[in-house]
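The primary structure of each chain is shown beneath.
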Amino acid sequence: MTSSLPLLCVPYVPLKKIIDFMEFSSLVSMSLCSQKCQSVIKTYRRKSIDWRLYVSCFTHFFLSFHKFCHHQFVVVASGLQKMTNRTRFVEMNGQNVALTVNEEKGFLETHWKDEVNGLKILTDYVTQLFNIDVLEITFNRKNIWMIDWVNSRQQSHVTSVYCEDWKDTLTEDELTHILRDCPASFRTVIYPSPPPNFQFRENFRSIDYLSISDGSWVTIDNLLTMDGREIMLFKSSLTSININTLLKHWLAGGSPRLKLFSAKTVNLDLDALFADINVVLVESLRQYTSPSQIKCRFSFGYDLRRKDGVTATVHYYRPDGGIIIAVWPEIVCYH
C-alpha cells in the first residue's frame, strides 16, 4: 500500500530543502500542477544554480541544464504529430499547452504547431521560474535568429555558442554576425564552412575556447588581436612564417592568456618556424591537459621560454600537418 505526500503542507524548512534537491525537470513538472506550486518554487528555491541553461535549436528544439559534460534535459518542443494518447494539456503563461512525459528519462515533451514559437515560450517560462538567463545556445544557419533573440531578451551575454551542421556554408554576413554579435566569453564552436574569400577585419573578443572546423580564413593579424585561451583550427592556411610571428608575439608578452593553440596546416618548415627563436628539443613522452580538459600526448617537442620563466612546447605532427603550441604549467606528467 502506498500513500501520497502532501508536499505543499510540509513546513517551510524541510520543504525548502526538498525543493533545493529536486531535479530541474521535476521542478518544471511540479510548477505546472498549479499556480500555487509555481509560486512555491519561485519563492523557496534560493539555492544558487551552478548549472547553465542550454537552449538548442538544431535537430531538436529543447532546453536542458549543462554542467561540465553532464546534461539534465528539462523540456522538449516538438510538433503536433508526436502527440500520443497519453498527451495532456496544461496552462503555461496563459496558453493551453499539450505535453507528454518521457517515461524513460522523466522530462516533458511539449507539442506545438510552431516549434520555434514553442521553444521561445518554454524558454520564457523556465527562465522566469528559476530567475536565470540563457547561457548556452546551439543553432544552425537556418536558426541563426537565435543570436538576436537571446541578445534582445536578456542583458547578460551567453557564455557558450555552438553553430552546428558541417554541411552548411555560411554567407559573409552570417559568419560576421556570429563572430561579432555572439559575445560568448567561454566557448564558441563553428562547424559550417566559411564563404569563399571571407575576411574578418574586426578585433576578436576575449574568449576562453574557440574552435573552428574550417579556419582557412583566420589570418596572423586575427590571431595577434585575439585574446584567446584555447584556439583550435581544424583547417588552416597559416604558414611557417605566420607561426613564427605568433611565437615571437607570445615571447614578447603578447597573448598572455594563451594556453593551447592547435592548427592543421601544410608544408611547415622548421627552420622558418623557429627563425631567430631559441628552442630546446625535448624527446621524453609528456601528457598535456588544457584548462578545458583537452588531453594531448607529445612524444617530442620544442620548448621555448619567455623572460618571465613561462615555457611553451611546440609539437609538429605528421602526416596530418598539424601544429600544437601548449603553454605550461598544464603539462601534468612525464613518462
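Since we're looking at a predicted model, the values are computed, not measured.

## Structural notes on the pairing of strand 2 (residues 61–67)
Part 1: Of all seven residues in strand 2, six are buried, a share of seventy percent or more.
Part 2: Alignment of strand 1 (residues 52–57) against strand 2, held across six bridges, turns out to be antiparallel. Bridge pairing links L53 to F65 in strand 2.
Part 3: Here strand 2 pairs with strand 3 (residues 70–79) via seven bridges, running antiparallel. Looking across to strand 3, one finds that H66 is bridged to H71.
Part 4: Between strand 2 and the antiparallel strand that follows it, strand 3, lie two residues; F68 among them carries a positive phi value of about 55°.

## Focus: the pattern of salt bridges
Part 1: The full count for this structure, using the stated rule, is 13 salt bridges.
Part 2: Linking R180 and D181 is a salt bridge whose minimum nitrogen-to-oxygen distance equals 3.1 Å.
Part 3: In this structure, R257 engages D227 in a salt bridge whose closest nitrogen and oxygen atoms are separated by 3.1 Å. Residue R257 is found in the loop between helix 8 (240–251) and strand 12 (260–264), and its partner D227 is found in the loop between helix 7 (220–224) and strand 11 (228–233); the two are separated by 30 residues along the sequence.
Part 4: The exposure class assigned to R257 is partly exposed, which follows from its relative accessible area of 27%.

## A short note on the pairing of strand 12
Part 1: Within strand 12, four of the five residues are buried, which leaves the element mostly enclosed by the surrounding structure.
Part 2: Judged from the four bridges that link them, strand 11 and strand 12 form a sheet pairing that is parallel. Paired with L233 across the strands is A263, a residue of strand 12.
Part 3: Taking the sense of rotation as the criterion, the β-α-β connection linking strand 11, helix 8 and strand 12 turns out right-handed.
Part 4: Pairing of strand 12 with strand 18 (residues 322–327), which is carried by five bridges, proceeds in the antiparallel orientation. Each bridged residue has a counterpart across the sheet, and for A263 the counterpart in strand 18 is I323.

## Some points on the packing of helix 5 (residues 146–153) against helix 6 (residues 172–181)
The angle between the axes and the distance between the axes are what describe a pair of packed helices.
Part 1: In contact at an axis separation of 10 Å, helix 5 and helix 6 are set at 30° when each is read in the N-to-C sense. Overall, the two elements helix 5 and helix 6 adopt an arrangement that is roughly parallel. When you trace helix 5 past helix 6, the crossing you get is left-handed. Only H177, I178 and D181 of helix 6 make contact with helix 5, whose side of the interface consists of I147, D148 and N151.
Part 2: For the contact of helix 5 with helix 6, the residue count by class is two nonpolar, two polar and two charged.

## What about the packing of helix 3 (residues 35–44) against helix 4 (residues 115–130)?
Part 1: The contact between helix 3 and helix 4 brings their axes to 8 Å, and the two run at 55°. With respect to helix 4, the element helix 3 is oriented oblique. In contact with Q38, I41 and K42 of helix 3, helix 4 contributes Y125, Q128 and L129.
Part 2: A per-class count over the contact of helix 3 with helix 4 returns three nonpolar, two polar and one charged.

## With respect to the environment of A184
Part 1: Checked against the element boundaries, A184 lands in the loop between helix 6 and strand 9 (187–190).
Part 2: You can call A184 buried: its relative accessible area is 0%.
Part 3: Sequence separation of A184 and D208 is 24 residues, and the distance between their C-alpha atoms is 8.9 Å.
Part 4: In this structure A184 touches V158, T159, S160, V161, R205, S206 and I207, once residues within four positions along its chain are discounted.

## Focus: the layout of surface pockets
Part 1: In this model, the largest pocket occupies a volume close to 320 Å³.
Part 2: Surrounding the largest pocket, 13 residues form its lining, F68, C69, F186, R187 and S292 being those nearest its centre.
Part 3: Residue classes in the lining of the largest pocket are distributed as five nonpolar, three polar and five charged.

## Considering helix 5
Part 1: Considered for burial, the residues of helix 5 that qualify are M146, I147, W149 and V150.
Part 2: On its buried side, helix 5 packs onto strand 1, helix 4, strand 7 (134–139) and helix 6.

## Some thoughts on a nonpolar patch on the surface
Part 1: Judged by side-chain polarity, L80, M83 and F89 come together as a nonpolar surface patch covering roughly 280 Å² of accessible area.
Part 2: Considering the arrangement of structural elements, one finds F89 in strand 4 (residues 88–92).

## Thoughts on the packing of aromatic side chains
Part 1: Counted according to the given criterion, the structure contains 16 aromatic pairs.
Part 2: Ring centres of F24 and W51 lie 6.2 Å apart, and the angle between their planes is 70°; this geometry places the pair in the edge-to-face category. Here F24, found in helix 2 (residues 24–31), pairs with W51, found in the loop between helix 3 and strand 1; they are 27 residues apart in sequence, far enough to count as distant.
Part 3: Residue F24 is classed as buried on the basis of its relative accessible area, which comes to 5%.
Part 4: Measuring from centroid to centroid gives 6.4 Å for Y288 and F298, while their planes differ by 25°, and the two rings are stacked. On the criterion of sequence distance, the pair formed by Y288 in strand 14 (residues 286–289) and F298 in strand 15 (residues 295–298) is long-range, its members being ten residues apart. The burial state of Y288 is the same as that of F298; both residues are buried.
Part 5: In this structure an aromatic cluster arises from ring pairing among Y54, F62, F73, F107 and Y162.

What counts, and where the lines are drawn
Residues numbered from 1 in each chain as written. Predicted model: local features only at pLDDT ≥ 70, side-chain atom pairs only at ≥ 80, totals over all residues. Heavy atoms only, no water. Buried < 20%, exposed > 50% of the residue type's maximum accessible area, 1.4 Å probe, protein only. Helix = DSSP H or I, 4+ residues; strand = E, 2+ residues; numbered from the N terminus. Pairing = 2+ DSSP bridges. Salt bridge = Lys/Arg side-chain N within 4 Å of Asp/Glu carboxyl O. Right-handed = clockwise from strand over helix to strand, strands pointing away. Axes fitted to C-alpha atoms, helices over the stretch in contact; angles between N-to-C directions. Parallel < 35°, antiparallel > 145°, perpendicular 65-115°, else oblique. Left-handed = near helix turned anticlockwise from the far one by under 90°. Contact = heavy atoms within 4.5 Å. Nonpolar A, V, L, I, M, F, W, Y, C, P; charged D, E, K, R; others polar. 1 Å grid on protein atoms, 1.4 Å probe; cavity = no way out; pocket = protein on both sides within 12 Å on 5 of 7 lines; lining within 4 Å. Points joined across faces, edges and corners; volume = space filled by probe spheres on them. Patch = residues over 30% accessible without salt bridge, like charges linked within 9 Å, V, L, I, M, F, W, Y side chains within 5 Å. Areas by Shrake-Rupley, 256 points an atom, 1.4 Å probe, with all protein chains shown as cover. Phe/Tyr/Trp six-rings, centres within 6.5 Å; stacked < 30°, edge-to-face > 60°.

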